[in-house]
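Fold and geometry: a report
Okay, here's what each chain looks like letter by letter:
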Amino acid sequence: MRLKGASVLVTGASSGIGAASARLFARSGARLTICARRLDRLHEVADQCRHAGAEAVVVRRTDMTRPADVRAFVAGALRDFDRIDVLVNNAGVGWRGRFQDMPEDALRTLIETNLTGPAVAIQAALPAMLEANSGVIINVASVVGFRATPYSAVYAATKHALVGLSHALRGELSGTGVKVCAVYPGTTRTEFRGSAPPADGPFVHRAEQVARAIVRTARWPRRDVILAPYRLAHLVEPVLGGPLDHLLGEARRRALDSPGDRPPSGS
Ligand SMILES: NC(=O)c1ccc[n+]([C@@H]2O[C@H](COP(=O)([O-])OP(=O)(O)OC[C@H]3O[C@@H](n4cnc5c(N)ncnc54)[C@H](OP(=O)(O)O)[C@@H]3O)[C@@H](O)[C@H]2O)c1
């Protein structure tokens, strides 16, 4: 995929990985349509994209839990740029804690933001992509999409579901020219964990690192994009999955039990 002049849609572009991806697509000469709920932050990102010489449009405040908002976002991109070359389903939320303590509204918000919203965006974008016989859909999953971590059960379920959606659609769309890819960030330093961002370390990505993987995936679409050093975890998962469930459960139980170490969301 040639990115110069390409019409690229990024959800959840008001911060973190989405904002970094929008800026990087802009530097490649793409024409951007971006969305999120925080309009002030979104307009800042759009301005940064324009400073890089790109066209950038904020259609409206978009809440991924509202299908009508999501469809209006995609329709706005089509109205302004007349085509959709890349859709990056990046918006997402987490929740960490004991599964049985999770309020039902948090459970619904996670599913609607991390799964229903992306699915609706794909349905809205597909007709234009199919008509053009081309397009790249990039779903931002997580390492939790192949290694479910205890105390993030519903978040892990949504990311597994997003991976399943990606793989199944990839088969359904084979031969159409539309590619579907899943990108699996590991722990990344963003606002995702609220006031408890992860400390720097070999297992912690920067948003720009993940953004580079996303832009590379748009250029050269691949089924699954796992960033180092998490590729090893993917390889050992089928063999060590069972023992890892217990080890991670124990480690997270200790972390959640220690006072002052209770992050608001899951990775
Ligand atoms: N950070 C990590 O450790 C990590 C690890 C693996 C995967 N990921 C995934 O990476 C993606 C980006 O997360 P991030 O780390 O960049 O976190 P972030 O900085 O918190 O960004 C999340 C983005 O999603 C948007 N968003 C959340 N709920 C939304 C809703 N209901 N409607 C519209 N937009 C919504 C937020 O915008 P508004 O609040 O303005 O709406 C924000 O732009 C997520 O899918 C996350 O699951 C993150």
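Treat the numbers as computed from the prediction; the structure is a model and nothing was measured.

1. Section: the site of the ligand
Surveying the vicinity of the ligand reveals 30 residues, the closest of which are Arg-37, Met-64, Asn-90, Tyr-155 and Thr-190. In this structure, a nitrogen atom belonging to the ligand sits 3.0 Å away from a side-chain N or O atom of Asp-63. Protein coverage of the free-state accessible area of the ligand, which is 880 Å², stands at 96%. Its residues assigned to classes, the shell around the ligand comprises 11 nonpolar, 14 polar and five charged.

2. Digging into unusual backbone geometry
Negative phi characterises most residues that are not glycine, and trans characterises most peptide bonds. The amide bond that connects Ala-228 to the next residue, Pro-229, takes the cis arrangement and shows omega of 5°. Examined against the element boundaries, Pro-229 turns out to sit in the loop between strand S9 (224-226) and helix H7 (231-257). The backbone of Asn-133 shows a phi angle near 55°, a positive value even though the residue is not glycine. Mapped onto the fold, Asn-133 is located in the loop between helix H4 (104-132) and strand S5 (135-140). Of the residues examined, Asn-133 reaches a relative accessible area of 53% and is grouped as exposed.

3. Re the environment of Ala-121
Along the polypeptide, Ala-121 turns up in helix H4. Judged by its relative accessible area of 0%, Ala-121 is buried. Expressed as a C-alpha distance, the spacing of Ala-121 and Pro-67, which sit 54 residues apart in the sequence, is 8.2 Å. In contact with Ala-121, not counting residues within four places along its chain, are Val-70, Val-74, Leu-87 and Asn-89.

Calculation criteria
Residues numbered from 1 in each chain as written. Predicted model: local features only at pLDDT ≥ 70, side-chain atom pairs only at ≥ 80, totals over all residues. Heavy atoms only, no water. Near = heavy atom within 4 Å. Polar contact = N/O pair within 3.5 Å; in protein donor to acceptor, adjacent residues only side chain to side chain. Areas by Shrake-Rupley, 256 points an atom, 1.4 Å probe, with all protein chains shown as cover. Nonpolar A, V, L, I, M, F, W, Y, C, P; charged D, E, K, R; others polar. Helix = DSSP H or I, 4+ residues; strand = E, 2+ residues; numbered from the N terminus. Buried < 20%, exposed > 50% of the residue type's maximum accessible area, 1.4 Å probe, protein only. Contact = heavy atoms within 4.5 Å.

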